[in-house]
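Overview (structure and organization)
Below, each chain spelled out in residue letters.
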Amino acid sequence: MKNVPGFAVKEIVDTVGAGDGFAVGVISGYLDGLDMENSVLRGNAIGSLQVQNQGDNEGLPSRDELEKYIQENNPLN
């Protein structure tokens, strides 16, 4: 598998929950039928959102918020 770039983060507020967010993104992408690259991209997106918020789950996005974030900030584009 090739490297999948991360999303740019302006300010890291708290790293708690970033790994869990990444794992949720990869697993949910796999379960949604995404290929590995796009599953990892989803994990990177959730992890980047999580570190911009205080706490372990306050930064977790809804599905709509996640799709919008990926469309607007996709490092593969």
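Structure: see above.
Read on for a plain summary of the structure. Since the structure is predicted, the reported quantities are computational estimates derived from the model, not experimental observations.

Parameters and conventions
- Here, residues in each chain are numbered from 1, in the same order as that chain's written sequence.
- Local features are withheld for residues below a pLDDT of 70 in this predicted model, meaning they are given only at 70 or higher, and side-chain atom pairs are given and counted only at 80 or more; totals for whole chains, interfaces and linings count all residues.
- As a rule here, side-chain values come from all non-hydrogen atoms in the structure, and water together with hydrogens is ignored.
- We define the nonpolar core as a collection of buried residues of types Ala, Val, Leu, Ile, Met, Phe, Trp, Tyr and Cys that are connected through side-chain atoms lying within 4.5 Å of one another.
- Note on exposure labels: buried denotes an accessible area under 20% of the residue type's maximum, exposed denotes more than 50%, and partly exposed covers the range between, all computed with a 1.4 Å probe on protein chains only.
- Only runs of H or I of at least four residues qualify as helices and only runs of E of at least two qualify as strands under DSSP, and these elements are numbered from the N terminus.
- Here the expected span of a helix is defined as 1.5 Å times the quantity of residues minus one.
- Should any heavy atoms of two residues lie within 4.5 Å, those residues are considered in contact.
- The term salt bridge refers to a side-chain nitrogen of Lys or Arg lying within 4 Å of a carboxyl oxygen of Asp or Glu.

Let's talk about the nonpolar core
Counting residues in each nonpolar core, the largest one holds 11 residues, listed as Val 4, Phe 7, Val 26, Val 40, Leu 41, Ala 45, Ile 46, Leu 49, Leu 66, Tyr 69 and Ile 70. At 5 residues, the largest contribution of residues to this core is made by helix H2 (residues 36-50).

With respect to H2
Taking 1.5 Å per residue, 15 residues should reach 21 Å; H2 reaches 21 Å between its end C-alpha atoms and fits that length. Within H2, 12 of the 15 residues are buried, which leaves it mostly tucked inside the rest of the structure. At its buried positions, H2 is contacted by helix H1 (18-31) and helix H3 (63-73).

A short note on the pattern of salt bridges
By the definition in use, this model includes 4 salt bridges. In this structure, Arg 63 engages Asp 32 in a salt bridge whose closest nitrogen and oxygen atoms are separated by 2.7 Å. Of the two residues, Arg 63 sits in helix H3 while Asp 32 sits in the loop between H1 and H2, which places them 31 residues apart along the sequence. In the salt-bridge network here, residues are joined through shared partners; they are Asp 32, Arg 42, Arg 63 and Glu 67.

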